[in-house]
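What follows is the residue order along each chain.
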Amino acid sequence: MSSDGLSRRRLLAALGVAATGTAGCQSLVTDSPQSTGTESSAGPQSDGAVPRGSEDSVYTDVYEQVADAVVSIQVYPGTGSPAQGSGFLLDDRHIVTNEHVVGTGETVYVRFAGTDWREVTVGGTDVYSDLAVIDTENTPQTSEPLSFASGRPAIGTRVVAIGNPFGLSGSVSEGIVSGVDRTLRGANNFSIAAGIQTDAAVNPGNSGGPLVDLNGDVLGVINSGGGDNVGFAISAQLAQRVIPALIADGSYDHSYMGVGLSSVSPTIAAANDLEQASGVYINTVVPDGPADGVLEGSSRTEVVDGVEVGVGGDVVRRLDDTPTPTRQDLATYLALETSPGDVLTVTVQRGGTTQTVDLTLGTRPAPPGQ
């Protein structure tokens, strides 16, 4: 790391600056100076030294290990105001960020700590996972690439988010993994499966930056913040499926069932005479889609407790040998364990009986305009 690396005093200031808000690609109003440290509106601390044996020193260690791999991103759409986000170095020539950070840009610049802005090329994007890859050259020798974690984090795992919220380059916030297998909002009425929830503060400008554990391994790519200490990241497990395809081909093909579905709620269970409010209900089947003629959607609707719900559709209980008690479970299995062309054995409850059907997965269609 460069000689002006983050001191413990400045780290404490950094930990105090992050405010809860909505993360994303932030409109660039001012151009904050880049540094290997962290700018703080709170000002310097008079007694900010942190003893090496204290709990807080571990965050300094992680910051010093990771920060030089994190970049600031500026995106110029051709018309309108430029925007900004974050990213991180994955190998000697590829940077990972969010699709929503770079997807609409005509010109993209990145800046490593201690360097000038450099124009780069977007090598691949995937709107359905909100992931993108930037091609770059001549990365600084001090910038060691980051690695994705090999497994799913346990709830309660301590984490650090590093990025550029509100243009404050190299800012750090800490927290824990608050939840896993969260369904994040995606494009074209699809969702992003296997998301990670954290209470680490993430704000506009953090998008695309890394969420790391205390070993410096990337658990997720920061995607958004919902306020009230709720932030989200795209999981390392999904990123490790998508990113190699973006590097190789510029795109990624997602598995597609061709159905509209919901987790079985108490009202759906009551309308369909189900003993338990569990499973995934098929509301609709897309005509000429993979599930057409294989799975059955609602034949009518009923109003239960003032809510209109579908009646007569299949209830999916398992995909292959994996139970699907919720929509999130089904989406996670599809996203992490399957590919287009795979044949799944789907266990459904249909008309009071349990049966299995074979479903050949298709490729998710591109969003309108792409």
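Each value, and the rule that gives it
- Residues numbered from 1 in each chain as written.
- Predicted model: local features only at pLDDT ≥ 70, side-chain atom pairs only at ≥ 80, totals over all residues.
- Heavy atoms only, no water.
- Helix = DSSP H or I, 4+ residues; strand = E, 2+ residues; numbered from the N terminus.
- Buried < 20%, exposed > 50% of the residue type's maximum accessible area, 1.4 Å probe, protein only.
- Contact = heavy atoms within 4.5 Å.
- Areas by Shrake-Rupley, 256 points an atom, 1.4 Å probe, with all protein chains shown as cover.
- Phe/Tyr/Trp six-rings, centres within 6.5 Å; stacked < 30°, edge-to-face > 60°.
- Lys NZ or Arg CZ within 6 Å of the ring centre and 35° of its normal.
- Salt bridge = Lys/Arg side-chain N within 4 Å of Asp/Glu carboxyl O.
- 1 Å grid on protein atoms, 1.4 Å probe; cavity = no way out; pocket = protein on both sides within 12 Å on 5 of 7 lines; lining within 4 Å.
- Points joined across faces, edges and corners; volume = space filled by probe spheres on them.
- Nonpolar A, V, L, I, M, F, W, Y, C, P; charged D, E, K, R; others polar.
- Core = buried A, V, L, I, M, F, W, Y, C linked by side-chain atoms within 4.5 Å.

Okay, the overall build of the chain next. A tally of regular secondary structure across the chain gives six helices and 23 strands. Counting across all 370 residues of the chain, residues that qualify as buried make up 52%. For the chain, restricting intrachain contacts to residue pairs at least 6 apart in sequence, the fraction spanning at least 24 positions comes to 66%. In the form shown here, the chain has an accessible surface area of approximately 16,000 Å², with 44% of it arising from carbon and sulfur atoms.

For the coordinates displayed, the defined rule picks out four aromatic pairs. Relative to Phe190, the ring of Tyr128 has its centre 5.2 Å away and its plane inclined at 75°; by these criteria the two rings are edge-to-face. You can see Tyr128 sitting in the loop between strand 6 (118–126) and strand 7 (131–135) and its partner Phe190 sitting in the loop between strand 9 (171–185) and strand 10 (191–198), a full 62 residues away along the chain. Judged by relative accessible area, Phe190 falls into the partly exposed class, the value being 23%. Clustering of aromatic rings is evident, with ring pairs tying together Tyr128, Phe190 and Tyr256. Between Arg364 and the ring centre of Tyr128, over which it is positioned, the NZ or CZ distance is 4.8 Å.

So, on to the side chain of Gln74. Secondary-structure assignment places Gln74 in strand 2 (residues 70–76). Note on Gln74: relative accessible area 5%, which makes it buried.

A few words now on the pattern of salt bridges. In the structure shown here, the tally under the stated rule is four salt bridges. Among the ionic pairs, Asp181 bridges to Arg152, the shortest N-O distance being 2.9 Å. Separated by 29 residues along the polypeptide, Asp181 in strand 9 and Arg152 in the loop between strand 7 and strand 8 (158–163) bring together distant segments of the chain. On the accessibility criterion, Asp181 (22% relative accessible area) is partly exposed. Given a relative accessible area of 45%, Arg152 falls into the partly exposed group. Between Arg300 and Glu302 there is a salt bridge, with the nearest N and O atoms lying 2.7 Å from each other. Overall, the relative accessible area of 28% leaves Glu302 in the partly exposed class. A network of salt bridges, in which partner residues are shared, links Glu296, Asp314 and Arg350.

A volume near 530 Å³ is recorded for the largest pocket. Lining the largest pocket are 29 residues, with Phe190, Ser191, Val259, Leu334 and Arg364 sitting closest to its centre. Every element with two or more residues in the lining of the largest pocket is listed here: strand 10, helix 4 (236–249), strand 14 (255–256), strand 15 (259–263) and helix 6 (327–337). Grouping the amino acids of the lining of the largest pocket by side-chain chemistry returns 15 nonpolar, ten polar and four charged.

Bringing the environment of Gly362 into the picture now. As for its placement among the helices and strands, Gly362 is situated in strand 23 (residues 362–363). Considering only alpha carbons, one finds Gly362 and His254, 108 residues apart in sequence, at a separation of 8.3 Å. In this structure Gly362 touches His254, Ser255, Tyr256, Pro290 and Pro340, once residues within four positions along its chain are discounted.

In terms of nonpolar packing, the biggest core is built from 50 residues, with Ile73, Val102, Leu131, Ile134, Phe148 and Ile243 touching the most fellow members. Element by element, the count of residues in this core is highest for helix 4, at seven residues. With residues near it in sequence (within four places) discarded, Leu131 still touches Thr97, Asn98, Glu99, Thr125, Asp126, Val221, Ile234, Ala239, Val242, Ile243 and Leu246. Among the nonpolar cores identified, the runner-up in size contains 18 residues, and Met257, Ala291, Leu319 and Leu334 belong to it.

In this structure, Asp288 takes a positive phi of about 65° despite not being glycine. Following the sequence through the fold, Asp288 ends up in the loop between strand 16 (280–285) and strand 17 (300–304). Taking the relative accessible area as the measure of exposure, Asp288 reaches 75% and is therefore exposed. Its identity is not glycine, yet Asp320 carries a phi of approximately 55°, on the positive side. Secondary-structure assignment places Asp320 in the loop between strand 19 (315–319) and strand 20 (322–323).

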